[in-house]
Each structure stands twice: as C-alpha cells, then as structure tokens.
Amino acid sequence: MKRALLALLALTAALQTAAHAATVAEVKKKGVLVLGTDPTFSPFEFKGSDGQIQGFDVDIARAVAADLGVRLEIRAVGFGALMPQSVTSGRVDMAMSAITITAERAKVVSFSGPYYRSAQVFIVRAGNPGKFAWPADVKGKTIGVQGNTTGQYVGGDLLKPKGATIKVYDDFAGGLADVRAGRVAALIGDAPTVTDLQKRLPGQFAQAGKELVAEDYGMVFAKGSDLAAAANRTLARLKASGDYQKLLNKWIVQK
Ligand code: ARG
C-alpha cells in the first residue's frame, strides 16, 4: 500500500515537471534565465581556455536574458539529454546548441524563428578528401554521427541505404578523434564546425563533397512557452541594430 502510494506520488511529480513550461513572467520573477547547452561545438558553444562556456549561441542567449532584464546561467548538458528532455522537464528554461529546427522536434518543444542557416557535411581527415565522394564512396565505409543529432538522422536516412555502416558517438569530440585516427572514414557534422576546426587545428580536418542537407538553427523552449516570442523580439532587435552581424563576424565569418 505504502509502495503504491509512493509510486503514485513519484508519477504525479514526474507529470507535473513534464507539463511545466517556464514563462517570461516566471523567468523575470526568479531573475535568471537558465540556458542548457552541450559546449563541445565551436564556434557555437565551447569551453574557452579559461574554462568559461562561450560562443555565438551564448552571446545570443545573453542578449535574450538582457532584454528580459535577468542574468544568464549556463548549464552544460550532453546533447542526448539536452534535446528535448532538459527543456520539457523544466531543468533549463531554454536550450541553444546549434539545434536544428525539425518538424519532429517541433512536436514536443517550441522553437524561436531560425537564427542561423547551416548544413550537414562530411568531415574527413585532411589530405584525403578527394578520396571521398558522395554517394559513390559511402558503400562499405564506416561513418560516424553524434547521437540524437540531425547528423544521426542523415546517417540513417541517406547513408545507410547506400551501404554505409553508421557508428554513433555520444559526443562530437569522440567522433573527431576517430576521424583523425582513421577509425571512421568520415563524421557527419555541421558545416561551420569544419571551418572552425580548420582554423583552430590547421591541417587536420577537411570537408568532403558537397552539403548533404541544409538546415536552420533555432532556440528551444518548452512547448507553448511565451519565451519563444521574447527570443524572436531579441533576434529582430539584434538584426536591426547590426549586432547580429557583429556576432557573426566575431565567431563565424572566416577572415
Ligand atoms: N545541428 C545538429 C542537431 O541539431 C547538431 C547539433 C549538435 N550540437 C552540439 N552542441 N553538439 O541535431
């Protein structure tokens, strides 16, 4: 009896958290906007040499928090738990992690409007990109993807049917290490991360072939939260003032 009661209480608690969507009013009341991010994805989110989580996404989240008149608190969450559980459970108020807007994800979370145009590409070891063409060279190859990402969907939808073996990594860095070691022929990743890798680690990685699919990134909120509209207002302000372009220049545009 006592057991059943405890189970019931646990279930009710779980349902309550699941149903909870942080609102503008609540965020203002507590004075903090909690951002969840997987900081292994430079230039969007990564740990600097000082250990601080920074990047293009972080600066945009800071602007959203500033417009709400609250401070930003950043929580590092692995991508597997970030999307969508961290947001649907109310553990964080918002997620930004170069997260692609998809119809499937939009069933369970609310997205802001698109804030960055991206694409999925093949990342290979520098020196042999010419040896890897899509789709000709995919058959019989092992190709890495990060779990729970649109890269994994590309792997399953496009590459597996062409005869590739898909290897799933929990984190992006693990996949990159295996590309470098030659344990996988390629890793599927987001286009800006490759240009960024080439800048930070010259001569190690290259993009092979053309873009597999184009996609747009969005900020993520609990389903129905009015924070999504607030984020859109900040985005519009950043674009109108020229600050959005400044952030692109600071983090992404190659010089
Ligand atoms: N854009 C892809 C997606 O939404 C990959 C994002 C991975 N982000 C990260 N911080 N590891 O699924």
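Please refer to the structure placed before this passage.
Computed from a prediction, not measured in an experiment: that's the story for all the values here.

> Would you mind going over the overall build of the protein with me for this structure?
A tally of regular secondary structure across the protein gives nine helices and 13 strands. Looking at the protein residue by residue over its 255 residues, the buried ones come to 41%. Taking contacts inside the protein between residues at least 6 apart in sequence as the whole, the part at least 24 apart equals 74%.

> Hey, could you run me through the environment of K47 in this one?
By the secondary structure assignment, K47 is in strand 3 (residues 45-47). Along the sequence, K47 and A76 sit 29 residues apart, while their C-alpha atoms lie 9.9 Å from each other. In contact with K47, other than residues within four places in its own chain, are P39, Q52 and I53.

> When you look at the site of the ligand in this model, what are you seeing that I'm missing?
Around the ligand sit 15 residues, and of these D38, F41, S97, T100 and T149 come closest. Put simply, the parts of the chain that give the shell around the ligand at least two residues each are strand 2 (40-41) and helix 5 (150-159). Its residues assigned to classes, the shell around the ligand shows five nonpolar, seven polar and three charged. Two domains each put at least three residues into the shell around the ligand: domain 1 (2-115 + 218-251) and domain 2 (119-214).

Scoring rules and cut-offs
- Residues numbered from 1 in each chain as written.
- Predicted model: local features only at pLDDT ≥ 70, side-chain atom pairs only at ≥ 80, totals over all residues.
- Helix = DSSP H or I, 4+ residues; strand = E, 2+ residues; numbered from the N terminus.
- Buried ≥ 20, exposed ≤ 12 C-beta atoms within 10 Å, placed from the backbone.
- Contact = placed C-beta atoms within 7 Å.
- Near = placed C-beta within 6 Å.
- Nonpolar A, V, L, I, M, F, W, Y, C, P; charged D, E, K, R; others polar.
- Domains from an automatic or database assignment.

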